[in-house]
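Below are the chains, spelled out letter by letter.
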Amino acid sequence: MPFGRNERIRFSKIYSLSCFRPSTSDEHAQIGQKGYSRVVYCNDPENPEALQLRYRSNYVSTTKYTAINFIPKSLFEQFRRVANIYFLVVACVSFSPLAPFRASSILFPLLVVIGATMAKEGVEDWRRRKQDIKANNRKVHVYRGNSFSQSKWKDLRVGDLVKVNKDEYFPSDLLLLSSSYPDGICYVETMNLDGETNLKLKHAFDFTSSLNNDTSFHQFKAMVKCEDPNEDLYSFVGSLSYNGQHHPLSLQQILLRDSKLRNTEYVYGVVIFTGHDTKVMQNATDPPSKRSKIERRMDKIIYILFTTLISISFIGSIFFGIRTSRDLNHEGYGRWYLEPTRTTALYDPKRPILAAFLHFLTGLMLYGYLIPISLYVSIEMVKVLQSIFINQDQDMYHEETNKPARARTSNLNEELGQVDTILSDKTGTLTCNSMEFVKCSIGGVAYGRGMTEVELALAKRKNSGSPGSHGGTSGSHGDDVMKLEKLIKGFNFRDERIMKGEWVNEDNSDIIQKFFRVLAICHTAIPEVKKETNELSYEAESPDEAAFVIAARELGFEFFQRTQTRISLHECVNGQKVDSVMFERLCKESQPFEEETKNHINKYAEAGLRTLVIAYRVVEEEEYKKWEEEFIKAKNSVSVERDDLIDAAAEKIERNLILLGATAVEDKLQKGVPECIQKLSNAGIKMWVLTGDKMETAINIGYASLEKLNDKEAITNAKRESIKKQLMEGRSQLDLAKSSSVLFALIIDGRSLTFALEKNLESLFLDVAIDCKSVICCRSSPKQKALVTKMVKEGTRKTTLAIGDGANDVGMLQEADIGVGISGAEGMQMKGRVNKEGEWTDVRRWKLPANQMITAFYATNIPDGANCNKLREVFMEYGEVVDIYIARKKDASGSNFAFIRFKVIGDIKALEGNSNL
């Protein structure tokens, strides 16, 4: 679809290639057959049959070399260079009498070049080795000898029973048995696997969820039969035999290695896959040996020079042999002064052919300076110096975290200027992975002032629109008071019409109240109060959900307590807090502002915001009890259709809803991303986005009947044919648009990629993709990211650059010609905060090191006559001032206030008592 001023992209046909979850009932029937032969004896290490199984250990290695293969493998890497092979041959021959010079003159520079490069390779691989050692030596609680004790990850065995605590990573692929929650649920963060930031809900079986303390496992024994190790992150087929009964397993009960336990105090699980058998390691690729285009071109040049050298030596040896054969005549030797009677085979008129051959070898050495070994040395030195310049580049220095750029290898520096295609992760790379509530539509009225970076970029591109052109917004990110609100993580909303309790004066105040009650109630967030500061924070399944709850709190609807049966709020009405736990009864009514809400949603989507429709329904008690019975039955089901039963039950309650409005949350872009992408586009560099995030897809009814028949082969063939048909239609659209300036985008999900990357479709997929302006691959597994990168690199034969910030991006970074890893900001946030009343926090508790950036230092009681220069003089005593902004508005205490950013140099404690502030 063309990108036009007033047109929206239709995500259909070529834009949305979708496949769907396969039925697993037929797969469970294959357990015990080829591909489904794994047997795990749970908590039964002395079982004779378990002792016969030879599964991999939990030790993992991501290094390129080992102690045994380092020398032969690294030497092989060095002698991939043609020049090195030549000089090795010459060095060997130089020990013979044929050499016209000493052997050391050739051997020494060769050893220096090869030794230095091998040392560099060794150091880089040792860094990987240290990371492996750190991962393998992590500790986990393992059940041995009727109690839990700490053990190293690398010592885990298949069948071991382990306990994982909150915020810890899972050491292997585990079967979930129970958790700190009575119903056996737990929340898992899988960002390292699929890039998704939202938490996944996992659910243990009811019959094992009661095993929820350390003393519950004395008699526990079970057996698991399941699929063999594979790389599919989104499915699992197996069965659990426990107490004489067999129960089908699904991904719902599996905890994958390198995912993290969140919002749950602890879980118990059984080790199913270890080490390189785990799904994350099955998705990993071996560290490749990358060579730059210049290095490969140098090899071609060396071939030409080597051919020239051989030709010169060969021609010379022929003439030498002819002339030597003529030196012997009837009267004696023609060139008697050469004293042929005292010569060796180097000059023997009686054996001219041998003399010519030896002359040829001498010529190869004598004219060897045609092969420039010094060029390799010079290039290596230049690369090292370039790496130093990259490491010291101030434009790539991140002040907030005090982190410079780091060139992990110097082999590929020159490739940076030859990039044709960039393949980038989205979450945490293009975006900050920080959701902020910025706008909303309530009762057909748009609220929220300010513009997102996407809106600003679009307005700049179109050269039209004012700051308030979308959804009734006005102002910008530079709004004075908005800067203060930004200090609240997840909340970047500003609209005086509904803030500070002013919503009660709006015409649609009843709808506004219901809207924020829904935001404050309908979620899975858990409130936590920090003992030190008494601050209320939330742990949620996703950043979006946390942003909704925070927004409701900031606008007067504070969720503060959750139990199994009750959610409690503080509602702030006219400055007074009251408790609210349920809606009043409402009659069924029409949706008078449905069209307005849809328009607002469209505008929010164009601004790059994530939207969510908010609605509610009043349910009669009798209807609810009947539905609850069905829902609990579905939830407790152990069949493979459990998820479908739950969805069907939910569908019955989620109907006849009354529309309230919609929210708009911004996954904030990294600073300068729109401008950067625009410049890359202007330079002719193509941009592909490979992300693990989900893509909303329409359900294809054509597959539904096949799913019911459980005809796996028919389903697969139908999906393959559908992908092929859509790609061919896309190719036709691109061909028709060649004569126009229409731009196309291709969006494809992970299941569709499975088929598009098959040999018979790969060339068609690549052909369509490279003619599109941009390509987005959603829901991609780590291995798929690597395969797509490999396809682009080999298919286009042009330089590719991959960018990512998570463990799920490693394969993609390794496969690309150039890999750029982004250091994430998690765990690096400032500890000091400014409270909403505008007062100093206790700066003595900050313990800030020298040269650390304070991103938003807040000062109150600024005199009316003060200016930035005066404030700068005050702060210059303590640090290097970056910028100062004075707000000419009064804060809660009636004083002016200011924002100051600076680097600490002196003692920050002295600032607290400064009389000039």
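Residues numbered from 1 in each chain as written. Predicted model: local features only at pLDDT ≥ 70, side-chain atom pairs only at ≥ 80, totals over all residues. Heavy atoms only, no water.

**Regarding the environment of Asn58**
Here comes step 1: Summarising the element assignment, Asn58 is placed in the loop between α2 (48-52) and α3 (70-78).
Here comes step 2: In this structure the C-alpha to C-alpha distance between Asn58 and Lys152, which are 94 residues apart in sequence, comes to 9.5 Å.
Here comes step 3: Those residues in contact with Asn58, other than ones at most four positions away along the chain, are Asn136, Trp153, Lys154, Leu156, Pro171, Ser172, Arg257, Thr274 and Gly275.
Here comes step 4: A polar atom in the side chain of Asn58 sits 2.8 Å from the backbone oxygen of Trp153.
Here comes step 5: At a separation of 2.8 Å, a polar atom in the side chain of Asn58 contacts the main-chain amide nitrogen of Gly275. (Helix = DSSP H or I, 4+ residues; strand = E, 2+ residues; numbered from the N terminus. Contact = heavy atoms within 4.5 Å. Polar contact = N/O pair within 3.5 Å; in protein donor to acceptor, adjacent residues only side chain to side chain.)

**Side note on the sheet that holds strand β28 (residues 774-778)**
To summarise the sheet geometry, strands pair through backbone hydrogen bonds and adopt either a parallel or an antiparallel arrangement.
Here comes step 1: Taken together, the 6 strands give an open sheet; going across it, the order is β27-β28-β26-β16-β29-β30, and neighbouring strands pair in parallel fashion. Sheet topology places β27 (745-749) and β30 (818-821) at the edges, where each strand pairs with a single neighbour. With direction set aside, neighbouring strand axes in the sheet form an average angle of 15 degrees. (Pairing = 2+ DSSP bridges. Axes fitted to C-alpha atoms, helices over the stretch in contact; angles between N-to-C directions.)

**Considerations on the UniProt feature "transmembrane region" (unreviewed entry) in the chain**
Here comes step 1: Per the UniProt record, "transmembrane region" (unreviewed entry) is found at residues 82-100, 301-322 and 353-377.
Here comes step 2: When the span residues 301-322 is considered, its composition is 100% helix and 0% strand, and the gap between its end C-alpha atoms is 32 Å.
Here comes step 3: In residues 353-377, helix accounts for 76% and strand for 0%; the two terminal C-alpha atoms are 38 Å from one another. (UniProt positions renumbered as here; feature names shortened; annotations may be inferred.)

**As for the sheet that holds strand β6 (residues 185-189)**
Here comes step 1: Strands sit in the order β7-β6-β12 across an open sheet of 3 strands; the sheet is antiparallel. Edge strands, defined here as strands with exactly one partner in the open sheet, are β7 (199-203) and β12 (260-262). The mean angle between the axes of side-by-side strands here comes to 45 degrees, regardless of whether they run parallel or antiparallel.
Here comes step 2: With 3 bridges connecting them, β6 and β12 associate as antiparallel partners. Bridging across to β12, Tyr187 finds its partner in Arg262.

**Topic: a positive patch on the surface**
Here comes step 1: Side chains of Arg127, Lys130, Lys403, Arg406 and Arg408 sit close together on the surface and give a patch of like positive charge.
Here comes step 2: Assignment of secondary structure puts Arg406 in the loop between α11 (373-391) and β16 (419-424). (Patch = residues over 30% accessible without salt bridge, like charges linked within 9 Å, V, L, I, M, F, W, Y side chains within 5 Å. Areas by Shrake-Rupley, 256 points an atom, 1.4 Å probe, with all protein chains shown as cover. Salt bridge = Lys/Arg side-chain N within 4 Å of Asp/Glu carboxyl O. Lys, Arg positive; Asp, Glu negative; His and termini not counted. Charge placed at Lys NZ, Arg CZ, Asp CG, Glu CD.)

**Details of the confidence of the model for the chain**
Regions with low pLDDT should not have their predicted coordinates read in detail.
Here comes step 1: With 74% of its residues at a pLDDT of 70 or more, the chain shows a mean pLDDT of 75.
Here comes step 2: For residues 825-858, every residue scores under 50 in pLDDT, and the model assigns this stretch 76 contacts once sequence neighbours within four places are set aside.
Here comes step 3: Note on residues 911-917: pLDDT under 50 across the span, and 17 contacts to partners over four residues away in sequence or across chains. (pLDDT = per-residue confidence, 0-100.)

**Regarding the packing of helix α5 (residues 104-136) against α11**
Here comes step 1: Two elements in contact, α5 and α11, have axes whose closest approach is 10 Å; the angle formed by their N-to-C orientations is 30 degrees. Taken together, the axis directions place α5 and α11 in an arrangement best described as roughly parallel. As α5 packs across α11, the resulting crossing turns out to be left-handed. Packed against α5, whose contacting residues are Pro109, Leu110, Val113, Thr117 and Lys120, the element α11 presents Ile373, Val377 and Glu380 at the interface.
Here comes step 2: Considering only residue class, the contact of α5 with α11 consists of 5 nonpolar, 1 polar and 2 charged. (Parallel < 35°, antiparallel > 145°, perpendicular 65-115°, else oblique. Left-handed = near helix turned anticlockwise from the far one by under 90°. Nonpolar A, V, L, I, M, F, W, Y, C, P; charged D, E, K, R; others polar.)

**Concerning the pattern of salt bridges**
Here comes step 1: One pass over the structure, following the stated rule, counts 31 salt bridges.
Here comes step 2: The closest approach of N and O atoms between Arg262 and Glu189, which form a salt bridge, is 2.6 Å. Of this pair, Arg262 sits in strand β12 while Glu189 sits in strand β6, and the two are 73 residues apart along the sequence.
Here comes step 3: The partly exposed category is assigned to Arg262, whose relative accessible area is 23%.
Here comes step 4: The buried category is assigned to Glu189, whose relative accessible area is 11%.
Here comes step 5: The salt bridge partner of Arg720 is Glu758, with a shortest N-O separation of 2.8 Å. One end of the pair, Arg720, is in helix α21 (residues 712-736); the other, Glu758, is in the loop between α22 (750-756) and α23 (759-770), and 38 residues separate them in sequence.
Here comes step 6: Connected through salt bridges with shared partners, the residues Arg449, Asp495, Glu496 and Arg497 form a single ionic network. (Buried < 20%, exposed > 50% of the residue type's maximum accessible area, 1.4 Å probe, protein only.)

**Examining the nonpolar core**
Here comes step 1: Ranked by internal contacts, the top residues of the largest apolar core, which has 42 residues, are Phe437, Ile442, Phe491, Phe493, Phe515, Phe516 and Leu519.
Here comes step 2: Among the elements of the structure, β17 (431-442), α14 (509-521), β20 (536-539), α15 (543-554), β21 (557-562), β22 (567-573), β24 (610-616) and β25 (658-669) are those that each provide at least two residues to this core.
Here comes step 3: At 8 residues, the largest contribution of residues to this core is made by α14.
Here comes step 4: Contact partners of Phe515, with chain neighbours within four places excluded, come to Cys440, Ser441, Ile442, Ile614, Leu660, Gly661, Ala662 and Thr663. (Core = buried A, V, L, I, M, F, W, Y, C linked by side-chain atoms within 4.5 Å.)

**Some remarks on a nonpolar patch on the surface**
Here comes step 1: Residues Ile310, Phe314, Ile315, Ile318, Phe319 and Ile322 make up a contiguous nonpolar surface patch of about 550 Å² in total accessible area.
Here comes step 2: If you trace the backbone, Ile315 turns up in helix α9 (residues 293-325).
Here comes step 3: Given a relative accessible area of 47%, Ile315 falls into the partly exposed group.

**So, helix α24 (residues 782-796)**
Here comes step 1: The terminal C-alpha atoms of α24 lie 21 Å apart, and with 15 residues this matches the ideal 21 Å at 1.5 Å per residue to within 8%.
Here comes step 2: Buried within α24 are the following residues: Pro782, Gln784, Lys785, Ala786, Val788, Thr789, Met791, Val792 and Thr796.
Here comes step 3: Downstream of α24 by a residue or two, Arg797 has a phi angle that is positive, lying close to 55 degrees. (Expected span 1.5 Å × (residues − 1).)

**Remarks on the pairing of strand β26 (residues 686-690)**
Within a regular strand, the side chains alternate between the two sheet faces.
Here comes step 1: Counting buried positions over the 5 residues of β26 gives 4, a clear majority of the element.
Here comes step 2: In this structure, β16 lies alongside β26, joined through 4 bridges in parallel fashion. From the neighbouring strand, Ser424 faces β26, where its bridge partner is Val689.
Here comes step 3: As judged from the 4 bridges shared by β26 and β28, these two strands associate in the parallel manner. Note that in β28 the partner of Val689 across the bridge is Ile776.

**Notes on the side chain of Asp495**
Here comes step 1: The topology assignment puts Asp495 in the loop between α13 (480-485) and α14.
Here comes step 2: Judged by its relative accessible area of 0%, Asp495 falls in the buried class.
Here comes step 3: Those residues in contact with Asp495 that sit more than four places away from it in its chain are Tyr447, Gly448 and Arg449.

**So, the packing of helix α4 (residues 82-93) against α5**
Here comes step 1: Contact geometry for α4 and α5: axes closest at 9 Å, N-to-C directions at 145 degrees. Judged by the twist between their axes, the crossing of α4 over α5 is left-handed. The segment α4 lies against α5, with Asn84, Phe87, Leu88, Val90 and Ala91 engaging Ile106, Leu107, Leu110 and Ile114.
Here comes step 2: Among the residues forming the contact of α4 with α5, the class breakdown is 8 nonpolar, 1 polar and no charged.

**Let's talk about the UniProt feature "active site" (unreviewed entry) in the chain**
Here comes step 1: In the numbering adopted here, UniProt assigns the feature "active site" (unreviewed entry) to Asp425.
Here comes step 2: Within the secondary structure, Asp425 sits in the loop between β16 and β17.
Here comes step 3: A relative accessible area of 2% means that Asp425 is categorised as buried.
Here comes step 4: Excluding anything up to four places from it in sequence, Asp425 contacts Leu430, Leu690, Thr691, Lys785, Ile803, Gly804, Asp805, Asp809 and Met812.
Here comes step 5: Within polar-contact distance, the side chain of Asp425 engages the side chain of Lys785 at 3.3 Å.

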